[in-house]
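# Commentary on secondary and tertiary structure
What follows is the residue order along each chain.
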Amino acid sequence: MTPDFVSSSLAIVAPELILAIGAMALLLIGLFMGERSAPTVSGLAAALLVGAGLVLVTVTPDGVAFGGSIILDPFARFMKVLVLIGSAVVIVMSVGFAERERFDRFEFPVLIVLSTIGMMVMISAGDLIALYLGLELQSLAVYVVAAINRDSVRSTEAGLKYFVLGALSSGMLLYGASLIYGFTGQIQFDAIASLAAEGRSLGLIIGLVFVLAGLAFKISAVPFHMWTPDVYEGAPTPVTAFFAGAPKVAAMALLTRFTVEGFGPLTPDWQQVIVFISIASMAFGSFAAIGQRNIKRLMAYSSIGHMGYALVGLAAANVSGVRGVLIYMAIYMTMTLGTFAVILSMRRRDGVVEEIDDLAGLSRTNPVMALFLTILMLSLAGLPPLAGFFAKYFVFVAAVQAQLYGLAVIGVLASAVGLYYYLRLVKVMWFDEPAESFVPMAMEMRVVLGAAALFIFPVYLFVGPSIAAAAEAAARSFF
Amino acid sequence: MLGLQALFFYIFAFVSIAAALMVVFSRNPVHSVLFLILTFVSAAGLFLLTGAEFLALILIVVYVGAVAILFLFVVMMLDLDTTGLRQRAQQYAPIGAIIGVVLLAELIIGVTGTYYQPHLATATALPTPPLAAMSNIQALGAVLYTRYILFFQLAGLVLFVAMIGAIVLTLRHKENVKRQSIARQVARTPATAIEIRRVESGKGI
């Protein structure tokens, strides 16, 4: 344990360190400023996340820290930037909403920052302990923010439900991790991989399956999706926007690193599991969303489906597959944040509304909002030339390259079914009789919605190749 | 020396089994919890005898100091009606028996020294140094604050989140509550706290 070991390790985890110290400082600032400190602390928290992102991109070197427990490679950097953007945007969007709904507490941004630290550890995890600790730090903070509106029965129910089911999934993950450790004697992913290459043992496979089940819960892939609609509906909307974005990205990154790096030699074994949950998620997400009337529930089913599509890329288990996952998560998060900017703005004079029918005739009451939401919906459905099309294109191409023709065909069929319910929203906005108009959008919502929609079309057409190149470089970290 | 060790082993083992039986059979739930504490303490003694002093201390600190005392509070505050509980416990007897058989099988495997994959016994990520070279606490300390400092700090952050969460979700600032201010209490002097009056006898104040 030389000083070199410490300083080089600290340089690699510098962004996490900044966030951890910053979170504690923010908590003190909030405590000393008292009741009305939520907007200030939120602003500082967003600035902190942006600052950590800048440090991550400019200063922090690639490498491994703490003897291989933390890995910072182009893949981790790509995903961490996504997570930081997702968290910062959610904090900015939450301020006004929380104030009006009376849960504007300064602990909310602090918990989001702490959860972000967990996500960054998940993305960089190089061994089983970092995997578990990162996941727990992220999840625990998220359980609390789900119940942050403690005077609302639905919010507390969402928090409790998420906590109980999340604890169960953590238990499964931990059991799997203990089996893997027991059957290899190793905790580091690369060491596990080299032992797995010598020969597969039944215990190792069982451990792998348990860990996959725990991680599938976190990305809400079928059959571990049951909590998603209820928690999405019950949690306060800014929290739902958070759930749908950054934690999914982090869990997907962890799943990718765990399978590709830790179990590369056993690819055929985990590939069939991923193929199954991918098909089940795509199909379930498409069909179950059709009957939904609440837009937050609709987004829950939509996110289940989208995780299925992203898993198509992982199932391919090659460079273009991992590249597809990266591009998919980037575009998915942009679309989700933009859509939630609209959902957060669905407010009439007498309060918040969340039914799809409340969007009726939006094209006449607020044409710009309707246009941008239409772009986002068509992109979620995957129509060209919007960014959502390219996201699906990359994962399906990877699946075809890996000769998973059936998976690609089912994916295309599922997205055709999904098109129906996204188009229904578009139809409600453009062709139904106008409902009472919403109160004007807040400035930050306009910025987020406009930026997301314009990124989806037309900006992506120009920056798409460079994002794909960055994702390609990131995917090469594994192969 | 060996004889003394064996003597203590039998004492701890006997007390631990007897106390464990009493946990189940005693009628008063408060007695059950007290016997549970006795079981923990004698198990800690057994750990000490095998040289696992860290486990022994943790068992006392965590299980006796925190968990069992929490049990005791709950049992005393809730005033449980154990008759119904006992009947329901009977229903789970078969499951209990199965778990017992599994544990027995594990014990046999452990005692006979059978390994499922013997070549892995030496391939551990961070093997424990032999007891003769280093005690358990030393071995843990040597890695916990160096190689595994990150995990140690992350675990601290997890606890930090748990603390914030508990406060956020439950603490309500109530109006009109008189709070104890220890600083003010300590800062009182005879000059501010005591008033001396001359009272004439038979008249009262």
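Our subject is the structure listed above.
Just so it is clear, the structure is predicted and the values come from calculations on it, not from any experiment. (Residues numbered from 1 in each chain as written. Chains lettered and ligands numbered in written order. Predicted model: local features only at pLDDT ≥ 70, side-chain atom pairs only at ≥ 80, totals over all residues. Heavy atoms only, no water.)

## Re the overall build of chain B
Across its full length, chain B carries nine helices and zero strands. When the helices and strands of chain B are listed from N to C terminus, the series reads α-α-α-α-α-α-α-α-α. Of the contacts formed within chain B by residues at least 6 apart in sequence, a portion of 56% connects residues at least 24 apart. When the accessible surface of chain B is split by element, carbon and sulfur atoms take 70% of a total near 15,900 Å². (Helix = DSSP H or I, 4+ residues; strand = E, 2+ residues; numbered from the N terminus. Contact = heavy atoms within 4.5 Å. Areas by Shrake-Rupley, 256 points an atom, 1.4 Å probe, with all protein chains shown as cover.)

## Structural notes on the overall build of chain A
The number of helices and strands found in chain A is 20 helices and four strands. In terms of principal-axis extent, the alpha carbons of chain A reach across some 65 × 55 × 40 Å. Residues classed as buried in chain A amount to 64% of the 479 residues present. Within chain A, contacts between residues separated by at least 24 positions form 81% of all contacts whose residues are at least 6 apart in sequence. Surface summary for chain A: the accessible area is close to 16,200 Å², and the carbon and sulfur share equals 70%. Across chain A, the centroid of the 26 positively charged side chains sits 6 Å from that of the 29 negatively charged ones. (Buried < 20%, exposed > 50% of the residue type's maximum accessible area, 1.4 Å probe, protein only. Lys, Arg positive; Asp, Glu negative; His and termini not counted. Charge placed at Lys NZ, Arg CZ, Asp CG, Glu CD.)

## Notes on the interface of chain B and chain A
Between chain B and chain A, the contact holds 27 residues from the first and 39 residues from the second. Summed over both partners, the interface of chain B with chain A buries about 2,800 Å², with 76% contributed by carbon and sulfur atoms. Three residues, R147, F151 and V168 of chain B, lead the burial of chain B against chain A; their summed loss comes to 21% of the area buried on that side. Our count for the contact surface shared by chain B and chain A stands at one salt bridge. Salt-bridge contacts for D151 of chain A lead to R172 of chain B; the nearest nitrogen and oxygen are separated by 3.2 Å. Linking chain B with chain A are seven residue pairs in polar contact (both at pLDDT 80 or more), by the criterion used here. Looking at the side of chain B that touches chain A residue by residue, the classes come out as 20 nonpolar, five polar and two charged. (Buried area = accessible area lost by both parts, 1.4 Å probe. Salt bridge = Lys/Arg side-chain N within 4 Å of Asp/Glu carboxyl O. Polar contact = N/O pair within 3.5 Å; in protein donor to acceptor, adjacent residues only side chain to side chain. Nonpolar A, V, L, I, M, F, W, Y, C, P; charged D, E, K, R; others polar.)

## Some details on the pattern of salt bridges
All names here are of chain A. Here the structure, examined in full by the defined rule, presents 21 salt bridges over all chains. The residue R348 makes a salt bridge to D358 at a minimum N-O spacing of 3.5 Å. Of this pair, R348 sits in strand β3 (residues 347-348) while D358 sits in the loop between β4 (351-352) and α16 (362-365), placing them 10 residues apart in sequence. Of the two residues, R348 and D358, both sit in the buried class. R476 is paired through a salt bridge with E472; the nearest N and O atoms lie 3.0 Å apart. Within the structure, one salt-bridge network assembled from shared partners comprises E157, K161, D230, E233 and R297.

## Focus on unusual backbone geometry
Most peptide bonds adopt trans geometry, and most residues besides glycine take a negative phi value. All names here are of chain A. Look at the link from V222 to P223: it is a cis peptide, with omega at 5°. Turning to its location among the elements, P223 is positioned in the loop between α9 (202-218) and α10 (227-234). The omega angle of the peptide bond from P384 to P385 is 5°, so this bond is cis rather than trans. Relative to the assigned elements, P385 resides in the loop between α17 (367-381) and α18 (387-401). Here the phi dihedral of R102 falls at roughly 65°; this positive angle occurs in a residue that is not glycine. One can find R102 in the loop between α4 (74-101) and α5 (107-124). Of note, A317 is a non-glycine position whose phi angle comes to about 55°, a positive value. Along the polypeptide, A317 turns up in the loop between α14 (295-316) and α15 (319-344).

## Some thoughts on the side chain of S42 of chain B
Residue and element names in this part refer to chain B. Mapped onto the elements, S42 comes out in helix α2 (residues 29-49). What makes S42 buried here is its relative accessible area of 3%. Each residue touching S42, except ones within four places of it in the same chain, is listed here: F12, V15 and S16.

## Focus: a nonpolar patch on the surface
Residue and element names in this part refer to chain B. A contiguous nonpolar patch, built from V41, F54, L57, I58, I60, V61, V62, Y63, I137 and L140 and spanning about 760 Å² of accessible area, is present on the exposed surface. The set of elements that each furnish at least two residues to the nonpolar patch consists of α3 (53-78) and α6 (136-144). Relative to the helices and strands, L140 resides in helix α6. Relative accessible area serves as the criterion here: at 33%, L140 is assigned to the partly exposed category. (Patch = residues over 30% accessible without salt bridge, like charges linked within 9 Å, V, L, I, M, F, W, Y side chains within 5 Å.)

Remember, this is a structural readout, not a statement about activity or role.
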